[in-house]
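# An overview of the molecular structure
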Amino acid sequence: MSEPAIGDSVRWELLPGTSGKGTALQSLTMVKPYVSGLDTNLVVTTDKPTYYLRLISRETAYMARIQRRAKQRERVEGYGAY
């Protein structure tokens, strides 16, 4: 994962982190707004997909985690494709 790019780097804080060990090590990005009522974008590039996120800070609601899990690719019989 490369360095995430955020639109409003003054009022939002990006903190790098990791989870797991060895081959299960995962890169994390923690995102914290300084105040409520903010709206910006975040772009996270990886060696596979690129994620384009819209970030909105609210007084009472929050999302503790966003996670994407890659689907297991299954071979389609007879077509030679995945």
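Throughout, residues of each chain are indexed from 1 in the direction in which the sequence is written. Given that the model is predicted, a residue must reach a pLDDT of at least 70 before its local features are reported, and side-chain atom pairs must reach 80 or more before they are shown or counted; all residues, however, enter totals for whole chains, interfaces and linings. Only heavy atoms go into the side-chain values, all of them from the structure, while hydrogens and water stay out.

## Here's the deal with the pattern of salt bridges
Two side chains bearing opposite charge may form a pair once their charged atoms approach each other closely. Within this document, salt bridges are pairs made up of a side-chain nitrogen of Lys or Arg and a carboxyl oxygen of Asp or Glu, the two lying within 4 Å of each other. Scanning the model with the defined rule gives two salt bridges in all. Note that Arg 11 and Asp 8 form a salt bridge whose closest N and O atoms lie 2.7 Å from each other. A simple rule labels every residue: compare its accessible area, found with a 1.4 Å probe on the protein chains alone, to the largest value its type can have, and call it buried under 20%, exposed over 50%, or partly exposed in between. Overall, the relative accessible area of 13% leaves Asp 8 in the buried class.

## Comments concerning the sheet that holds strand β4 (residues 39-45)
Only strands that DSSP links by at least two bridges are regarded as paired with each other. Runs of H or I in DSSP of at least four residues are treated as helices and runs of E of at least two as strands, each being numbered from the N terminus. Read from one edge to the other, the open sheet built from three strands follows the order β1-β4-β5, with strand pairing classed as antiparallel. The open sheet is flanked by β1 (5-6) and β5 (50-56), the only strands paired with a single partner. The pairing of β4 with β5 spans seven bridges and is classified as antiparallel. The residue bridging Asp 39 from the neighbouring strand is Ile 56, located in β5.

## Points about the side chain of Thr 40
Tracing the sequence through the fold places Thr 40 in strand β4. For Thr 40, a relative accessible area of 9% gives the class buried. Polar contacts involving the side chain of Thr 40 include one to the main-chain amide nitrogen of Asp 8, which spans 3.0 Å. Apart from the residues lying within four places of it in its own chain, the contact partners of Thr 40 are Ile 6, Gly 7, Asp 8, Trp 12, Leu 53, Arg 54 and Leu 55. Identification of polar contacts relies on pairs of N or O atoms within 3.5 Å, with a donor-acceptor requirement for protein atoms, meaning one able to donate a hydrogen and the other able to accept it, and with residues adjacent in sequence counted only if both atoms are side-chain atoms. Contacts between residues were defined by any pair of non-hydrogen atoms, one from each residue, lying within 4.5 Å.

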